[in-house]
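The chain contents come next:
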Amino acid sequence: GEDVEQSLFLSVREGDSSVINCTYTDSSSTYLYWYKQEPGAGLQLLTYIFSNMDMKQDQRLTVLLNKKDKHLSLRIADTQTGDSAIYFCAESKGSARQLTFGSGTQLTVLP
Amino acid sequence: DGGITQSPKYLFRKEGQNVTLSCEQNLNHDAMYWYRQDPGQGLRLIYYSQIVNDFQKGDIAEGYSVSREKKESFPLTVTSAQKNPTAFYLCASNKDAGINNQPQHFGDGTRLSIL
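Residues numbered from 1 in each chain as written. Chains lettered and ligands numbered in written order. Predicted model: local features only at pLDDT ≥ 70, side-chain atom pairs only at ≥ 80, totals over all residues. Heavy atoms only, no water.

Caption draft 1: Geometry of the pairing of strand β5 (residues 43-51) of chain B. Residue and element names in this part refer to chain B. Of the strand pairs in this sheet, strand β4 (residues 31-37) and β5 are connected by six bridges, and their pairing is antiparallel. In the strand pairing of β5, Gln 37 is matched with Leu 43. Linking two consecutive strands that pair antiparallel, namely β4 and β5, is a turn of five residues; a positive phi of about 75° is found at Gly 40 within it. Two strands pair when backbone bridges link them, and β5 and strand β6 (residues 54-57) are joined in this way by three bridges, in the antiparallel orientation. Bridging across to β6, Ile 51 finds its partner in Asp 54. (Pairing = 2+ DSSP bridges. Helix = DSSP H or I, 4+ residues; strand = E, 2+ residues; numbered from the N terminus.)

Caption draft 2: Representation of the interface of chain A and chain B within the structure. Each side of the interface is counted separately: chain A has 21 residues, and chain B has 24 residues. For the pairing of chain A and chain B, the buried interface totals around 1,700 Å² over both sides, and the portion due to carbon and sulfur atoms is 54%. Counting across the chain A and chain B interface gives zero salt bridges. For the interface between chain A and chain B, the tally reads three residue pairs in polar contact (both at pLDDT 80 or more). Elements represented by at least two residues in the side of chain A that touches chain B include exactly β4 (31-37), β5 (43-50) and β10 (98-101) of chain A. When residues in the side of chain A that touches chain B are grouped by element, the largest group, four residues, is from β4(A). Across the side of chain A that touches chain B, the residue classes tally to 12 nonpolar, eight polar and one charged. (Contact = heavy atoms within 4.5 Å. Buried area = accessible area lost by both parts, 1.4 Å probe. Salt bridge = Lys/Arg side-chain N within 4 Å of Asp/Glu carboxyl O. Polar contact = N/O pair within 3.5 Å; in protein donor to acceptor, adjacent residues only side chain to side chain. Nonpolar A, V, L, I, M, F, W, Y, C, P; charged D, E, K, R; others polar.)

Right under this line is the structure:
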């Protein structure tokens, strides 16, 4: 199966919070990342968390890590229409710290 | 501004033709990467290079080739052996692949289609 799994779609109302979930399988992963991709564009790094941390907050973004369950989540507070995009989680592993990506979650923000 | 530049933005390939995608960075990054993205899927690693004149195969290297003659440049050639080349190709780089906490930064991608 996939090394990194995400649900494909999420819809929220503008102003609500969004929670995007991700599970990974490699317990040796040291860093986990969240990237955002807008249509036709490359990936923009949003935030990342070291595997010995439980939580990281950066303005409207909160990352939660449950290492025991290998579960990662990204919470976006006060979601705006500009947050509509595909969100990828990725784990870093291997000698060159290669990234393994999930399939991405399409976030749609409804007015 | 420092960044990663991919060109062209759109590319068309005829059957049996090799095409080369350009990736240039002025971030003084040591490591560079090529990924392929198909609709509804995550990114898959094609090739990566940690240092000039050295590169390694990723998960889906068949039908592709790369070179790393300069630190700033990591071109990807899609050969005629790649039977399903239609995809969005993304180049990335980071300062030192072997050191944690060095996130990869991405270019804007090249969309390759078959004529």
